[in-house]
Amino acid sequence: MDFELDDEQVELRRVVRDVAERECPAALVRAVVGGSDDGSGLWKTFVELDWPSLTVPAGDGGMGMSAVELVITLEELGRVADPTPFLATTSQYVAVLRECAGPDGRAPLLAAVCAGGTGAAAFAAGAAQARSDGDGWLLGGRARHVIDGDRADEIAVVAATEAGAGAFVVPVGDVAVTREPTFDGSFHLATVDLDGVRVAGDRAFTGPGVEAGVERARQEAVTGLAAVMVGASQRVLDTVVAHVKERRQFGVPIGSFQAVKHMAVDVYVAIERARALCHFAALTIAEDDPRRELAASLAKTAAGDCQRIAAQHGVQLFGGLGFTWENDLQIYLRRAKVGEPLLGSTTEHRARAARLVLAGHAATEVDG
């Protein structure tokens, strides 16, 4: 595996960063939180640039890029606390359709994304059920903590069937959706009630291979969320470094104090580790490497670790002022932390990674 970004990927990162910093300043995020802006103007910009179609297959009208390009983009959007449905649409909804639906079934749904439609995914096989009902399917149960579930056009619901997990695409107008409160006011989570919701047969994807497809899509979703957390943590570090270079005590910048340098370096190391693991996970996903499940859990674990230390040291180096509303640091702290419990917490993914490593070690011993 080549861990170095190629020239096109480096250019993609530069372009995304330039657009994101220009089009999504802290003032926009504050306006979204305050209710005076809904972020639709920024989403329109993304659509004009074809970014929502980033990993939509070229045969379905998309750009046909890999998880590596997606992670690069999501990290840069995490740096600006992007308030649009980009994360859920690209790393969750598109991933479920691409991995679970055949070309004929997914084509019209992915075409809608390329045209600016939005989507979300509810990985709710443990809480949602589906049963065959004539020429369609009947859903039941409730999905909680669905990212952007309240503002997506379509929700891909992963529900349990008699034959295993299936994916069912539901227009958001057909379900009862309640937005959940979060401490990041520009990040949307929702509870989706599915009782009595009927899904047409051409929007239901079940059968051999779908359960494995769901797991592959979830790994992509986990890695994408980790990349957002890393990007937000990087913005925290950038903001802190700028502050300690300007803030003076005893006639010198506080950044010249050894203790301050050590804290900043600790954050830097944690971010670099998490970024490397996100890129590794993206590579395994792009190449369908058998280590992709482990890699995704390691990426989410490292992202959880880096947001924790970035928040701890970031607020402390601002003298506690970093979490006041007037300081922009709190915007990026919130975005870094809001993803920690979603799609599996740091603790859960660390335990999962341990189980995978031990299971692989045991298998190696048996084979030997």
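Residues numbered from 1 in each chain as written. Predicted model: local features only at pLDDT ≥ 70, side-chain atom pairs only at ≥ 80, totals over all residues. Heavy atoms only, no water.

Draft legend 1. Region of the structure containing the overall build of the protein. For the protein, the helix and strand inventory stands at 11 helices and 11 strands. Compactness check: the protein gives a C-alpha radius of gyration of 21 Å against a globular reference of 21 Å for 368 residues, within 12% of the reference. Seen along its three principal axes, the alpha-carbon backbone of the protein occupies a region of about 80 × 60 × 40 Å. Across the 368 residues of the protein, 55% fall into the buried class. The contacts of the protein with a sequence gap of at least 6 include a subset with a gap of at least 24, amounting to 75%. Taken as a whole, the protein presents about 15800 Å² of accessible surface, with 53% of it coming from carbon and sulfur. Each charge class in the protein was averaged separately, 35 positive and 51 negative side chains, and the resulting centres sit 7 Å apart. (Helix = DSSP H or I, 4+ residues; strand = E, 2+ residues; numbered from the N terminus. Rg over C-alpha atoms; globule rule 2.2 N^0.38 Å. Buried < 20%, exposed > 50% of the residue type's maximum accessible area, 1.4 Å probe, protein only. Contact = heavy atoms within 4.5 Å. Areas by Shrake-Rupley, 256 points an atom, 1.4 Å probe, with all protein chains shown as cover. Lys, Arg positive; Asp, Glu negative; His and termini not counted. Charge placed at Lys NZ, Arg CZ, Asp CG, Glu CD.)

Draft legend 2. Focus on the side chain of Thr223. Within the secondary structure, Thr223 is located in helix α7 (residues 210-246). You can call Thr223 buried: its relative accessible area is 1%. Polar contacts involving the side chain of Thr223 include one to the main-chain carbonyl oxygen of Gln219, which spans 2.9 Å. Residues in contact with Thr223, not counting those within four places in the same chain, are Val71, Cys278, Ala281, Ala282, Ile285 and Ala296. (Polar contact = N/O pair within 3.5 Å; in protein donor to acceptor, adjacent residues only side chain to side chain.)

Draft legend 3. Helix α9 (residues 292-317), seen in detail. Compared with an ideal rise of 1.5 Å per residue, which puts 26 residues at 38 Å, α9 spans 37 Å between its outermost C-alpha atoms and is within 8% of the ideal. By the criterion of burial, α9 is predominantly enclosed, with 19 of the 26 residues buried. (Expected span 1.5 Å × (residues − 1).)

Draft legend 4. View of the pairing of strand β2 (residues 128-133). Note: β2 against strand β3 (residues 136-147), six bridges, orientation antiparallel. Pairing of Ala128 across the sheet is with Gly141, part of β3. (Pairing = 2+ DSSP bridges.)

Draft legend 5. Seen up close, the state of the cysteines. Applying the stated criterion to the full structure yields zero disulfides. For Cys24, which is in no disulfide, the shortest distance to another cysteine sulfur is to Cys306 and amounts to 19 Å. A residue is classified by how much of its surface remains accessible, and Cys24, at 3% relative accessible area, is buried. The structure places no disulfide on Cys306, whose sulfur is separated from the nearest cysteine sulfur, that of Cys278, by 7.9 Å. Exposure remark for Cys306: the relative accessible area of 0% places this residue in the buried category. (Disulfide = S-S within 2.5 Å.)

Draft legend 6. Region of the structure containing the pattern of salt bridges. Scanning the model with the defined rule gives 26 salt bridges in all. Here Asp18 and Arg14 are joined by a salt bridge, their closest N and O atoms 2.8 Å apart. In this pair, Asp18 and Arg14 both sit in helix α1 (residues 7-23), four residues apart, roughly one turn of the helix. Classification of Asp18 as partly exposed rests on a relative accessible area of 34%. (Salt bridge = Lys/Arg side-chain N within 4 Å of Asp/Glu carboxyl O.)

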